Amino acid sequence: MKIVMLNPPYFPMFSRASRSPAVTKSSTLYYPFFLAYATGVLEDEGFDVTLIDSPAQRLNREQTIKKISQLKPDMVVCETSTPSIENDMEVVEELKKAGIGYIVVVGTHVSALADEVMNKYPYLDAIARREYEYTVKELALKIQLKGMQTSFAGIEGLSYRCDDKIVHNLDRPHIENLDELPFVSRVYRDHFRDFLSSYFYGANLHPVVSILSGRGCPHRCAYCVYPQTMTGHRYRLRSVKNVVDELEFIKNELPEVREIFIEDDTLTVNKERVEAISLEIIRRKLKIRWSTNSRADASYETMALMHKAGCRLLCVGFESSSQDVLDKLQKHISREKYMSFRKDAARAGLLLHGCFMYGNDGETYETMCETLELAKSLNCDTSQFYPIMVYPGTRAYDDYKKKGYITAEHYRDWLTSEGLHNCVVSLPNISKEELVEFCDISRRKFYLRPKYIASKLTQMVTKPKETKRIVRASTTMMKYMFHPSLKKQEVKQA
């Protein structure tokens, strides 16, 4: 039985697997890691699987449809996101018209709005909700054994059509034994080897690969989409041995990779485990570079051990300088902690990528200015400034929708005409245009400081391995630095 796993075409370099799907201003393109994990599960079951990542392979819609039609698959699993859902369903419709077999869609958006999507798009066969590796495996086994007319009643996590009705089976429990999943890097090696360089993370050495060492996040930030729609709020862990085995696999099987990004929502939340991973890397004498997501509360001792084990950078969501805003976000952290964490990270030898967000509940022009000053004071190696992006399935979306703050009429409104992030939130005291404009101002004021530019020039001289990453990210970003994110016609339509 042939199966196609599809990250469908949209804008060139559209990063659908990102927590905020869009074309980025730093040239970042995420791996479709959930789709890749599912690919590995299906391959382990013996299915003939082709993984197509149209944005990374530079395939447009016509080329993608043609490629899939030539493969003649029995089933297609298609990834979706909120900003791209209308485009993605157009691709699904064209595939159905081309006579392609059973089509299942997956992702955060359809997990949150399964009934809406099934009702709106009558040509769609099914949705595999939340973590879907075993859902699509069981579905494929049933189709292989009994065809498409069989009952799918026992497949947890599946929404499907039956006798002109839409059926939503019970949710599938989250995967407990993550060690039984295949290495996602094996899938990258087998399916992405020829275009591995297409994947780029603006803060990381290039080429980079991303993996997960665990799933779920115990923190409850109102805006964060993956824990609320896909992975849950309990941090489920792979064993230390299994994680380091994969790091060693990458070093041996993908020697061109210069950095590994551990994509867990917050790896450092479990201090003992991240230290155990670091110690195992050191014990095995693995000479690798890696980075990960972290809260701004990791201790100096932990960060120093991570650095000794090859950790290069932490990606940290600082979000805001306002304690009131942080409290409403349920960040459970203080501005003072940010400053001490920054000093400890520098002392430990780690670089930081800082994330800052405007438009949260309680935001004012004054708090935005304070956040920009915080970003400049922290002086991270790289920083990103975004207007708040709220997605269906999150508490932030429900809250803003109830208050009438969401201005979007269509899901495509989450993007500009170029595929960049577009704010769909207007607060009573700050419009969405003002939020986007302040993000543009923040990037200019952060990146064009003489002190910052001098530090990057120095870094390229003292650490030449950083040069390729700095030049590529800055070259892309400079295209947007002096051009507003919203074009005049988009502002008029808003």
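For every chain, the first residue of the written sequence is number 1, and numbering continues from 1 along that sequence. Given that the model is predicted, a residue must reach a pLDDT of at least 70 before its local features are reported, and side-chain atom pairs must reach 80 or more before they are shown or counted; all residues, however, enter totals for whole chains, interfaces and linings. Side-chain numbers come from the whole structure's heavy atoms, not from hydrogens or water.

A.B. asks: How would you explain the overall build of the chain if you had to name every residue and give the values?
C.D. replies: The way it works is that DSSP assigns letters per residue, a run of H or I at least four long becomes a helix, a run of E at least two long becomes a strand, and they are numbered from the N terminus. A count of helical and extended segments in the chain gives 20 helices and 15 strands. With respect to the principal axes defined by its C-alpha atoms, the chain has extents near 65 × 60 × 35 Å. Only protein chains enter the accessibility calculation, which uses a 1.4 Å probe. A residue is then buried if its area is under 20% of the maximum for its type, exposed if over 50%, and partly exposed in between. Considering the chain as a whole, with its 494 residues, one finds that 60% of them fall into the buried category. Contacts between residues were defined by any pair of non-hydrogen atoms, one from each residue, lying within 4.5 Å. The long-range share in the chain, meaning contacts at least 24 apart out of those at least 6 apart in sequence, stands at 74%. Element-wise, carbon and sulfur atoms account for 51% of the exposed surface of the chain, whose accessible area totals about 19800 Å². We count Lys and Arg on the positive side and Asp and Glu on the negative side, and we leave His and both chain ends out. Note on charges: their place is set at NZ of Lys, CZ of Arg, CG of Asp or CD of Glu. Within the chain, one finds 70 positive and 64 negative side-chain charges whose respective centroids are separated by 5 Å. Using a 1.4 Å probe, accessible areas were evaluated by the Shrake-Rupley method; residue-level cover was limited to the displayed protein chains.

A.B. asks: Could you give me a rundown of the packing of helix α1 (residues 33-44) against helix α7 (residues 133-146), with the residues and numbers involved?
C.D. replies: Angular values range over 0 to 180 degrees, each being the angle between N-to-C directions of two axes fitted as lines to C-alpha atoms, with helices fitted over their stretch in contact. Packing of α1 against α7 brings their axes to within 9 Å, and their N-to-C directions diverge by 40 degrees. Relative to α7, the element α1 lies oblique. For the pair α1 and α7, the crossing hand works out as right-handed. On α7, the residues that touch Phe34, Tyr37, Ala38, Val41 and Leu42 of α1 are Glu133, Tyr134, Val136, Lys137 and Ala140. Following the grouping adopted for this structure description, the nonpolar residues are Ala, Val, Leu, Ile, Met, Phe, Trp, Tyr, Cys and Pro, the charged ones are Asp, Glu, Lys and Arg, and the polar ones are all others, Gly among them. Across the contact of α1 with α7, the residue classes tally to eight nonpolar, no polar and two charged. Oblique is the label for any angle not under 35 degrees, not over 145, and not in the 65 to 115 range, which are roughly parallel, roughly antiparallel and roughly perpendicular in turn. In this scheme the handedness of a crossing depends on how the near helix is turned from the far one: anticlockwise by less than a right angle means left-handed, clockwise means right-handed.

A.B. asks: Kindly report on the environment of valine 104, identifying the contributing residues and their values.
C.D. replies: Within the secondary structure layout, valine 104 lies in strand β4 (residues 102-106). A C-alpha to C-alpha distance of 36 Å links valine 104 and aspartate 361, two positions 257 residues apart in sequence. Once residues within four sequence positions are removed from consideration, valine 104 is found in contact with Met75, Val76, Val77, Cys78, Ala126, Ile127, Ala128 and Leu139.

A.B. asks: If you had to explain the packing of aromatic side chains to someone new, which residues and values would you point to?
C.D. replies: Only centres within 6.5 Å qualify two rings of Phe, Tyr or Trp (six-membered ring in Trp) as a pair; their planes then separate them into stacked at under 30 degrees, edge-to-face at over 60, and tilted for everything else. Applying the stated criterion across every chain, the model contains 31 aromatic pairs. For the ring pair phenylalanine 33 and tyrosine 226, a centre distance of 6.4 Å and an interplane angle of 40 degrees mean the geometry is tilted. Of the two residues, phenylalanine 33 sits in helix α1 while tyrosine 226 sits in helix α9 (residues 225-231), which places them 193 residues apart along the sequence. Its relative accessible area of 6% is what places phenylalanine 33 among the buried residues. Residue classification places tyrosine 226 among the buried positions, given a relative accessible area of 7%. Judged by centre distance (5.6 Å) and plane angle (15 degrees), the rings of phenylalanine 318 and phenylalanine 356 are stacked. Here phenylalanine 356 lies in strand β14 (residues 351-358) and phenylalanine 318 lies in strand β13 (residues 311-319), a separation of 38 residues in the sequence. The residues phenylalanine 318 and phenylalanine 356 share a single accessibility class, namely buried.

A.B. asks: Please set out a positive patch on the surface residue by residue, giving values where relevant.
C.D. replies: What goes into a patch is any residue over 30% in relative accessible area without a salt bridge, connected to like charges within 9 Å or, for nonpolar side chains (Val, Leu, Ile, Met, Phe, Trp, Tyr), within 5 Å. The salt bridge definition used is simple: a Lys or Arg side-chain nitrogen within 4 Å of an Asp or Glu carboxyl oxygen. There is a patch of like positive charges on the surface, built from Lys285, Lys287, Arg289, Lys463 and Lys465. Along the polypeptide, lysine 463 turns up in the loop between α18 (450-462) and α19 (467-481).

A.B. asks: Outline the pairing of β14, supporting the account with residue identities and numerical values.
C.D. replies: For a regular strand, side chains alternate in direction, first toward one face of the sheet and then toward the other. Here β14 lies mainly inside the structure; eight of its eight residues are buried. Both faces of β14 are covered, namely the face carrying Leu351, His353, Cys355 and Met357 and the face carrying Leu352, Gly354, Phe356 and Tyr358. Bridge count for β13 against β14 is six bridges, and the pairing is parallel. When the bridges of β14 are listed, cysteine 315 appears paired with histidine 353. A pair of strands counts as paired when DSSP detects no fewer than two bridges linking them.

A.B. asks: An account of α18 is requested, with residue identities and associated values reported.
C.D. replies: In this model, α18 (13 residues) spans 18 Å end to end at C-alpha, consistent with the 18 Å of a helix rising 1.5 Å per residue. Residues of α18 that are buried include every one of Tyr452, Lys456 and Gln459, and no others. Taken end-on, α18 shows its buried residues confined to a sector of 60 degrees, consistent with a single buried face. Exposed side chains of α18 directed beyond 90 degrees from the buried face belong to Pro450, Lys451, Val461 and Thr462. Residue count minus one, scaled by 1.5 Å, sets the expected span of a helix. Working note: the arc is built from the helix axis to C-beta atom directions.

A.B. asks: With reference to specific residues and values, describe the pattern of salt bridges.
C.D. replies: Scanning all chains against the criterion turns up 38 salt bridges. In this structure, the salt-bridge partner of arginine 284 is glutamate 248, at a minimum N-O distance of 2.8 Å. Of the two residues, arginine 284 sits in the loop between α11 (271-283) and β12 (290-294) while glutamate 248 sits in helix α10 (residues 240-253), which places them 36 residues apart along the sequence. With a relative accessible area of 29%, glutamate 248 lands in the partly exposed category. Where aspartate 344 meets arginine 347, a salt bridge forms, and the shortest distance between an N and an O atom there is 3.6 Å. With aspartate 344 and arginine 347 both in helix α14 (residues 335-348) and three residues apart, the pair spans about one turn of that helix. Classification of arginine 347 by relative accessible area gives exposed; the value is 54%. One salt-bridge network, in which partners are shared between bridges, spans Lys241, Asp245, Glu248, Glu280, Arg283 and Arg284.

A.B. asks: Tell me what's going on with the nonpolar core, and back it up with residues and numbers.
C.D. replies: Residues Trp290 and Phe318 are the most contacted members of the largest nonpolar core, which totals 153 residues. For phenylalanine 318, the contacting residues outside a window of four places in its chain are Ala296, Leu326, Tyr338, Phe341, Leu352, Gly354, Cys355, Phe356, Leu378 and Cys380. In these notes, a set of buried Ala, Val, Leu, Ile, Met, Phe, Trp, Tyr and Cys residues joined through side-chain atoms within 4.5 Å is what counts as a nonpolar core. Counting residues in each nonpolar core, the second largest holds six residues, with Phe11, Phe14, Ala22 and Leu420 among its members.

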